[in-house]
Amino acid sequence: MAITQLQTHFQSWKNNRLVEVLFETEPPRMMIHPYENVKWVNQGLNKAQKEAIQKSLISQDIAMIHGPPGTGKTTTVVEYII
């Protein structure tokens, strides 16, 4: 429902970077230099979780961490926030 309402009002939100990225009228921006030497608080993160965090860190517009239940999304977001 929220996405439908957003689409309805899209025309009045032209030049809103987030809306344009969400509706794919503009590509998302990423920083050129990735974060290196990240100090992980949770040493138990797997490779996919670490990659998700690194991609989120270089995103300039929006990042989404998604996956099936039980794959560690909440753990990944907590590490990202810390």
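Rules behind the numbers
Residues numbered from 1 in each chain as written. Predicted model: local features only at pLDDT ≥ 70, side-chain atom pairs only at ≥ 80, totals over all residues. Heavy atoms only, no water. pLDDT = per-residue confidence, 0-100. Helix = DSSP H or I, 4+ residues; strand = E, 2+ residues; numbered from the N terminus. Salt bridge = Lys/Arg side-chain N within 4 Å of Asp/Glu carboxyl O. Patch = residues over 30% accessible without salt bridge, like charges linked within 9 Å, V, L, I, M, F, W, Y side chains within 5 Å. Areas by Shrake-Rupley, 256 points an atom, 1.4 Å probe, with all protein chains shown as cover.

A few words now on the confidence of the model for the chain. Averaged over all residues, the pLDDT of the chain is 85; the fraction at 70 or higher stands at 89%. Looking across the chain, the model is least confident in helix α1 (residues 2-8), with a mean pLDDT of 71, and most confident in helix α4 (residues 73-81), with 95.

With that settled, consider the pattern of salt bridges. A complete count under the given rule lists four salt bridges for this structure. Ionic pairing is found between R29 and D61, a salt bridge with its closest N-O pair at 2.8 Å. Pair noted here: R29 is in the loop between α2 (17-22) and α3 (47-58) and D61 is in the loop between α3 and α4, with a separation of 32 residues, a long-range link. Taking the shortest distance from any N to any O, the salt bridge between K47 and E51 comes out at 4.0 Å. Separated by four residues within a single helix, K47 and E51 lie in helix α3, roughly one turn from each other.

The grouping of L18, L22 and I62 at the surface amounts to a nonpolar patch, some 240 Å² of accessible area in total. Following the sequence through the fold, L18 ends up in helix α2.

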